[in-house]
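Summary of structural features
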Amino acid sequence: MKMKNKRIVLITGGTSGIGRALAEAMLEPNNVVIVTGQNEQRLQNMRSCGCVALRANMTSRTQLESLILHIQQHYGRIDLLVNNAGVQYNYNLLEDAMSINTVLHEMHVNATGPIELTMLALPLLYASEQPVIANVTSALSRTPKSTAVVYSASKAAMYSFTTSLKKMLKGRVRVCEIIPPVVETKMTEGRTGRKLSPKEMAKQILLGLEARRSVICSLQIRLFRILSAVAPVLASSIINSRD
Ligand SMILES: NC(=O)c1ccc[n+]([C@@H]2O[C@H](COP(=O)([O-])OP(=O)(O)OC[C@H]3O[C@@H](n4cnc5c(N)ncnc54)[C@H](OP(=O)(O)O)[C@@H]3O)[C@@H](O)[C@H]2O)c1
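In short, a report on the structure. These figures come from a predicted structure and were not determined experimentally. (Residues numbered from 1 in each chain as written. Predicted model: local features only at pLDDT ≥ 70, side-chain atom pairs only at ≥ 80, totals over all residues. Heavy atoms only, no water.)

Turning to the pattern of salt bridges, a few remarks are in order. Taken as a whole and assessed by the stated rule, the structure comprises nine salt bridges. Across the salt bridge formed by R47 and E40, the nearest N and O atoms sit 2.9 Å from each other. The exposure class assigned to R47 is partly exposed, which follows from its relative accessible area of 32%. On the basis of relative accessible area, E40 is assigned to the partly exposed category, the value being 39%. The partner of E184 in a salt bridge is K195, with the nearest N and O atoms 3.9 Å apart. (Salt bridge = Lys/Arg side-chain N within 4 Å of Asp/Glu carboxyl O. Buried < 20%, exposed > 50% of the residue type's maximum accessible area, 1.4 Å probe, protein only.)

This is the structure in C-alpha cells:
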C-alpha cells in the first residue's frame, strides 16, 4: 500500500498512545485521517491537529454503525482500517474479586468490538482500490501473562480472527497484524523497563504497511515469537517475570 496517495484512514483509539502517533504520522495533506475515541478533550486535540475525530465507543453497536454511516456519506470508502483501540486490566484472582462487567468490557473493547467494526466496514473497504485491515494484537496473544488474564485472551482472539481473515479476504482485502513491543503509553504507565516511544512505533508501522508485511513487529518481537514457538515455557517465564 503506497501511503503517499490520497488515503481514507480509520484508526480506532487514535486519540492516545500508538493510535495517536500513527494518526499524526499519516497526516499528509492528501490523506483523510479519521480517529475514534471516547474522551471529548482528546478528540478535540486530534481535531486541532487536522484529524477528523469522531466519538465511538467500541462497545456500542449503535455508535459503530453511526461511525460507518458517517464515513460512507462523507468519504464513500475506507482504504485502511486500523483496529487499535484497547484496554488492559490486571487481576490477581487469588486476591481480587473479578467483576464480570470488567471482564466483558475488556473482551468487548479488545475483541468483539473490532470484529463487529470490521464486519460493518467491509462494504467500504471493498469500495477501495487497495484496501488494508491492520489489527493491533500483542505478544501476549501467543504467550499469555497471568496478571493480564482477560487481556491475553482477548488478544489471542484477535490473533485468531486476523489469521482467518487473511485467508478469507485473500485477493480482496489485505489483512495484517501489528504486534507492538512495550510502548510508552497510558496503557503501560507505571511499568518499568525499556519502552519504545509511540512515534518510533508509528514509524515502524508505516514502514511495515509500505513493505506490505503480513505481520508488523520489531526485531525484538520477531525473536520473541521464535522463542515462544520453540521454547514456550521459557517464553512464558520471561513474560510472567515482568511487571
Ligand atoms: N502500549 C503497549 O505497550 C502495547 C503493547 C502491545 C499492544 N498494545 C496495543 O496497542 C493498542 C493501543 O494501545 P496504547 O498503548 O496506545 O493505549 P492507550 O494510550 O491507552 O490508548 C488507547 C486508545 O483506545 C481508546 N479506547 C479505549 N477504550 C475505548 C472504548 N471503549 N471505545 C473506544 N475507544 C476506546 C482510547 O480512547 P479514550 O481514552 O477516549 O477511551 C485511546 O484512544 C491497544 O490495542 C493495545 O492493546 C499496546
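This part takes up the sheet that holds strand β1 (residues 8–11). In spatial order, the strands read β3-β2-β1-β4-β5-β6-β7; together these seven strands make up an open sheet with parallel pairing. Looking along the sheet, the strands with just one partner apiece sit at the ends: β3 (52–55) and β7 (215–217). Adjacent strand axes in the sheet meet at a mean angle of 20° when their direction is disregarded. For strand β6 (residues 174–179) and β7, the ladder comprises three bridges, and the chain directions are parallel. In the strand pairing of β7, I178 is matched with I216. Sitting on the sheet, helix α3 (residues 61–74) touches β1, β2 (32–37) and β3, and the angle it makes with β3 is about 150°. Its contacts with the sheet place helix α4 (residues 100–126) against β1, β4 (80–83) and β5 (132–136), and it is angled at close to 180° to β4. (Pairing = 2+ DSSP bridges. Helix = DSSP H or I, 4+ residues; strand = E, 2+ residues; numbered from the N terminus. Axes fitted to C-alpha atoms, helices over the stretch in contact; angles between N-to-C directions. Contact = heavy atoms within 4.5 Å.)

A few words now on the pairing of β6. The element β6 is largely enclosed, with a buried count of six among its six residues. Alternating positions in β6 separate into two faces, R174, C176 and I178 on one and V175, E177 and I179 on the other, with burial throughout. Pairing geometry for β5 and β6, over five bridges, is parallel. Note that in β6 the partner of V132 across the bridge is R174. For the crossover that starts at β5, traverses helix α5 (residues 149–168) and ends in the parallel β6, the hand is right-handed. Following the chain from β6 across helix α6 (residues 198–210) to the adjacent parallel β7, one finds a crossover that is left-handed. (Right-handed = clockwise from strand over helix to strand, strands pointing away.)

Note that R42 resides in helix α2 (residues 40–48). For R42, a relative accessible area of 29% corresponds to the partly exposed category. For the pair R42 and L93, spaced 51 residues apart in sequence, the C-alpha separation works out to 33 Å. Leave out the neighbours within four places in its chain, and R42 touches T15, S16 and K186.

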